[in-house]
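For reference, the chains in residue letters:
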Amino acid sequence: MDSPATARPSWYRNPRILLAVVAVAVFLIDLAAKTTVVRHMTYGEKIHVVGPFSLYFVKNPGAAFSMATGYTWVLTLIAVGVVVWIVRMGSRLTSLPWALGLGLVLGGALGNLADRIFRAPGVFRGHVIDFFSVGDWFPVFNTADCAISVAAVLLVALTLFGRDPYEGFGEKRTRTPEKTTAEETRTTGTEATDA
């Protein structure tokens, strides 16, 4: 009978697969949300949900939370660089928490990058669809921005707690040669005393 560890699905054991699954899920959720907003809302329309929360259809030429407007093509190149960097880093990843965080970043970056490539006014200059509003005091944002923000908190926490992206999650560390040699010396000494 398989042990609980071997019975887990492969995405749970393999950080690279987890990264890909999370990235694809975030991208598809973001795409579905933006498509729904574009199809069922008119530009500038605002629908109150509850309290300060509203759905507000706007188009953002800048970065997350409407920052750096006017530099759309620069932001597009940065997003491409982030995607390439995460894909390269992910190929050697061994930590599940890091895989989760980087998967969120990758999915969010791909979601907004797709807008910049395929939406008006043109390739690399497309405006990102934003629709979440929490009040006039905070910029409008989207699901991709949410994923990137959550990932930022997670990755900062992992860094502060010293979690290595190339260290296994929940696995025993192999003993270092120095520790092994010291243990062998103590064992040999003990056997010699007993003799």
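Residues numbered from 1 in each chain as written. Predicted model: local features only at pLDDT ≥ 70, side-chain atom pairs only at ≥ 80, totals over all residues. Heavy atoms only, no water.

Tallying each qualifying case throughout the model produces 5 aromatic pairs. Judged by centre distance (5.7 Å) and plane angle (50°), the ring pair of phenylalanine 132 and phenylalanine 141 falls under tilted. Linked through ring pairs, Phe131, Phe132, Trp137, Phe138 and Phe141 together constitute an aromatic cluster. The ring centre of tyrosine 56 lies 5.2 Å from the NZ or CZ of lysine 46, which sits over that ring. The ring of tyrosine 43 has lysine 59 sitting right over it, with the charged end atom 5.5 Å from the ring centre. (Phe/Tyr/Trp six-rings, centres within 6.5 Å; stacked < 30°, edge-to-face > 60°. Lys NZ or Arg CZ within 6 Å of the ring centre and 35° of its normal.)

Here the focus is the sheet that holds strand E3 (residues 128-133). Read from one edge to the other, the open sheet built from 3 strands follows the order E1-E2-E3, with strand pairing classed as antiparallel. This sheet does not close on itself; its edge strands, each paired only once, are strand E1 (46-50) and E3. Strand-to-strand twist of the sheet, defined as the mean angle between neighbouring strand axes without regard to direction, takes the value 25°. Pairing of E1 with strand E2 (residues 53-60), which is carried by 4 bridges, proceeds in the antiparallel orientation. Residue pairing across strands places histidine 48 opposite serine 54, the latter belonging to E2. (Pairing = 2+ DSSP bridges. Helix = DSSP H or I, 4+ residues; strand = E, 2+ residues; numbered from the N terminus. Axes fitted to C-alpha atoms, helices over the stretch in contact; angles between N-to-C directions.)

For the rest of this paragraph, the subject is the pattern of salt bridges. Pairing is possible between side chains of opposite charge, provided their charged atoms come close. Taken as a whole and assessed by the stated rule, the structure comprises 4 salt bridges. Note that lysine 34 is salt-bridged to aspartate 30, the shortest N-O span being 2.7 Å. Here lysine 34 and its partner aspartate 30 are both found in helix H3 (residues 15-40), 4 residues apart, which amounts to about one turn of the helix. For the pair lysine 34 and aspartate 30, a shared accessibility class is recorded, and that class is buried. Ionic pairing is found between lysine 34 and aspartate 115, a salt bridge with its closest N-O pair at 2.9 Å. Taken together, the positions of lysine 34 in helix H3 and aspartate 115 in helix H5 (residues 96-118) put the pair 81 residues apart, joining distant regions of the chain. (Salt bridge = Lys/Arg side-chain N within 4 Å of Asp/Glu carboxyl O. Buried < 20%, exposed > 50% of the residue type's maximum accessible area, 1.4 Å probe, protein only.)

Here we come to the UniProt feature "transmembrane region" (unreviewed entry) in the protein. UniProt tags residues 63-87, 99-118 and 138-162 as "transmembrane region" (unreviewed entry). Along residues 99-118 one finds 100% helix and 0% strand; the C-alpha atoms at either end are 28 Å apart. In this annotation, residues 138-162 is assigned 72% helix and 0% strand; the end-to-end C-alpha distance for the span is 32 Å. (UniProt positions renumbered as here; feature names shortened; annotations may be inferred.)

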